[in-house]
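What follows is the residue order along each chain.
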Amino acid sequence: MKENAKNRFTADYEEWVTLNGDRQNIRVRSKDIRNPVILFLHGGPGVCDRHWVMHYQSSLARHYTMVLWDQRGSGKSYRNSVRSRIPQVEEYIQDARVLVEYLCQCFEQDKIIIAGHSWGTVIGTALASRYPEHIMAYISQGQVVNGAENERISYEFCLEEARKRKDEKALEKLEGNAPVKGVYPSAKAMRAQRDCLTRYGGSDYKERGGLIPAVLLPLFKLEGYKLGEIPGYAKGAMYLSDVMWPQVISQNAHTIKELAMPVLMTVGRHDYNTPFTLAESWFQQLQAPYKELAWFEDSAHSPIKEEPEKWGRTVEKFLKKVTGK
């Protein structure tokens, strides 16, 4: 456990950890490392979020030890060798399992909290279901439920919006490029759909730019990544999202009907990236010792940064209720 020289309980550092033979980077921030640990599982695959989690949710470090993990081949953990083959979803689940065990040992705790966002919920739900012994609570955002249905709804939202707006450029890219069982005809077709989704408010409800500005500009504006690390971030995000997509979209959370820990699902009312209707239906059938669903009326895919104060309050209230801390 690393300690701050001025206060042995305060922590703010990066660390390299080896998970199943792969060297990966984590960022730790805490006012008191004796507090419960929250491990954030970012989206993508390959789209790390430590920069805006730290920017918008730094207040959580007062009462929790925040751990931001750049997953295999992602962000600071990117290396060209990741492109030599297609990584498997199971590798990320096993990396997360080892990391959870490491954090429990490092911070001398029996259990930690996991917070998954989008692709991170694929890892998170599997982790919580299969390895519950070290997980205190599960927090979900942009829950991936049924991959094929997810993309059908998302694509149809974009197509309908393009027609309403008479957006001829978008229609040219969308029409004839519908996903089949969740898989688009090409990576270009998928990125075109995601670009429309971002511009139409189905990804960020208020900040409506294109896909590239939405992903890349915050990297330059917010703390988290050095200028020289951004090309690797972009390479990892592009490669992993492209080659792993068929695996990601084959996931179906309906096979997970019960979790052994308290669950908080935070859902943006306008989320058409991971459609809110699917998230709500999964939540309703899920069995858990305690569960809450929190709606965010002015958010789409990322309430954590679209309504940051409300998201932070909701998380702290839930965790105080279920952990007493």
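As a convention, each chain's residues are numbered from 1 in the sequence order in which they are written. Given that the model is predicted, a residue must reach a pLDDT of at least 70 before its local features are reported, and side-chain atom pairs must reach 80 or more before they are shown or counted; all residues, however, enter totals for whole chains, interfaces and linings. Computation of side-chain values: all heavy atoms of the structure, hydrogens and water removed.

(A) Region of interest: the pattern of salt bridges. Definition used for salt bridges: Asp or Glu carboxyl oxygen within 4 Å of a side-chain nitrogen of Lys or Arg. Using the criterion set out here, one finds 29 salt bridges in the structure. Notably, a salt bridge pairs Glu160 with Lys164, separated by 3.6 Å at the nearest N-O pair. Placement of the pair is Glu160 and Lys164 together in helix H4 (residues 147-165), with a separation of four residues, close to one helical turn. A simple rule labels every residue: compare its accessible area, found with a 1.4 Å probe on the protein chains alone, to the largest value its type can have, and call it buried under 20%, exposed over 50%, or partly exposed in between. Of the residues examined, Lys164 reaches a relative accessible area of 55% and is grouped as exposed. Arg163 is the partner of Glu175 in a salt bridge, and the nearest nitrogen-oxygen pair spans 3.6 Å. Segments assigned H or I by DSSP are reported as helices when at least four residues long, segments assigned E as strands when at least two residues long, and all are numbered from the N terminus.

(B) Structural context of the sheet that holds strand E6 (residues 135-141). A pair of strands is treated as paired once DSSP finds two or more bridges between them. Taken in spatial order, the eight strands make up an open sheet running E1-E2-E4-E3-E5-E6-E7-E8, and their pairing is mixed. Of all the strands in the sheet, just strand E1 (11-19) and strand E8 (291-296) have a single pairing partner and so form its edges. Strand-to-strand twist across the sheet, computed as the mean angle between neighbouring axes with direction ignored, equals 20°. Relative to strand E5 (residues 112-117), strand E3 (residues 37-41) is paired through four bridges, and the arrangement is parallel. Each residue of the ladder has a partner; that of Ile38, found in E5, is Ile113. Contact definition: two residues touch when any of their heavy atoms are within 4.5 Å. Only the contacting stretch of a helix is used when fitting its axis, a line to C-alpha atoms as for every element, and angles between N-to-C directions run 0 to 180 degrees. Running at roughly 160° to strand E4 (residues 65-70), helix H1 (residues 50-57) makes contact with E1, strand E2 (22-30), E3, E4 and E5 of the sheet.

(C) Expanded view of the side chain of Thr121. Position of Thr121 among the secondary structure elements: in helix H3 (residues 119-130). Residue contacts for Thr121: discarding those within four places in its chain leaves Gly116, Tyr138, Ser140, Gln141, Gly142, Gln143 and Val144.

(D) The arrangement of a nonpolar patch on the surface in detail. Every patch collects residues that have over 30% relative accessible area and no salt bridge, joining them within 9 Å if they carry like charges and within 5 Å if they are nonpolar side chains (Val, Leu, Ile, Met, Phe, Trp, Tyr). We get accessible surface area from the Shrake-Rupley algorithm with a probe of 1.4 Å; when it comes to residues, only the shown protein chains can shield them. Residues Leu217, Phe220 and Leu227 make up a contiguous nonpolar surface patch of roughly 340 Å² in combined accessible area. The residue Leu217 is located in helix H7 (residues 211-221) in this model. By relative accessible area, Leu217 is classed as partly exposed at 42%.

(E) Here's a closer look at H3. Expected helix span is taken as 1.5 Å per residue step, with the number of steps being one fewer than the number of residues. For H3, built from twelve residues, the straight-helix expectation of 16 Å at 1.5 Å per residue is met to within 8% by its first-to-last C-alpha distance of 17 Å. The buried fraction of H3 is high, at ten of twelve residues. Its buried side turned inward, H3 meets E3, helix H2 (89-106), E5, E6, helix H9 (245-249) and helix H10 (276-285).

(F) Focus on the nonpolar core. Take the buried Ala, Val, Leu, Ile, Met, Phe, Trp, Tyr and Cys residues and link them wherever side-chain atoms come within 4.5 Å; each set so joined is a nonpolar core. By size, the foremost hydrophobic cluster in this structure holds 72 residues, and its most contacted members are Leu39, Leu103 and Leu259. In terms of residue count, H2 provides more of this core than any other element does, ten residues in total. Met66, Ala137, Ile304 and Leu319 belong to the second-largest nonpolar core, a separate cluster that totals 23 residues.

(G) Seen up close, the pairing of E3. Of all five residues that make up E3, five are buried, and the element is covered over most of its length. Of the two faces of E3, the one lined by Val37, Leu39 and Leu41 and the one lined by Ile38 and Phe40 are each fully buried. Bridge analysis of E3 against E4 gives five bridges, and the strand direction is parallel. From the neighbouring strand, Val37 faces E4, where its bridge partner is Thr65. With the strands aimed away from the viewer, a crossover counts as right-handed if its path from the first strand over the helix to the second runs clockwise. On the question of chirality, the crossover connecting E3 to the parallel E4 by way of H1 is right-handed.

(H) Inspection of the packing of aromatic side chains at higher detail. Only Phe, Tyr and Trp rings are paired, with Trp represented by its six-membered ring, and only when their centres lie within 6.5 Å; those with planes under 30 degrees apart are stacked, over 60 edge-to-face, the remainder tilted. Under the defined criterion, the tally for this structure stands at six aromatic pairs. Judged by centre distance (5.4 Å) and plane angle (75°), the ring pair of Tyr225 and Tyr233 falls under edge-to-face. Side by side, Tyr225 and Tyr233 carry an identical accessibility label, which is buried. Aromatic rings pair up to connect Phe157, Tyr272, Phe276 and Trp295 into one cluster. Geometrically, a lysine NZ or arginine CZ counts as sitting over a ring once it is within 6 Å of the ring centre and also within 35 degrees of the ring normal. Seen from the ring of Phe283, Lys291 lies directly overhead, with NZ or CZ sitting 4.6 Å from the centre. Across from the ring centre of Trp52, 5.5 Å away, lies the NZ or CZ of Lys305, which sits over that ring.

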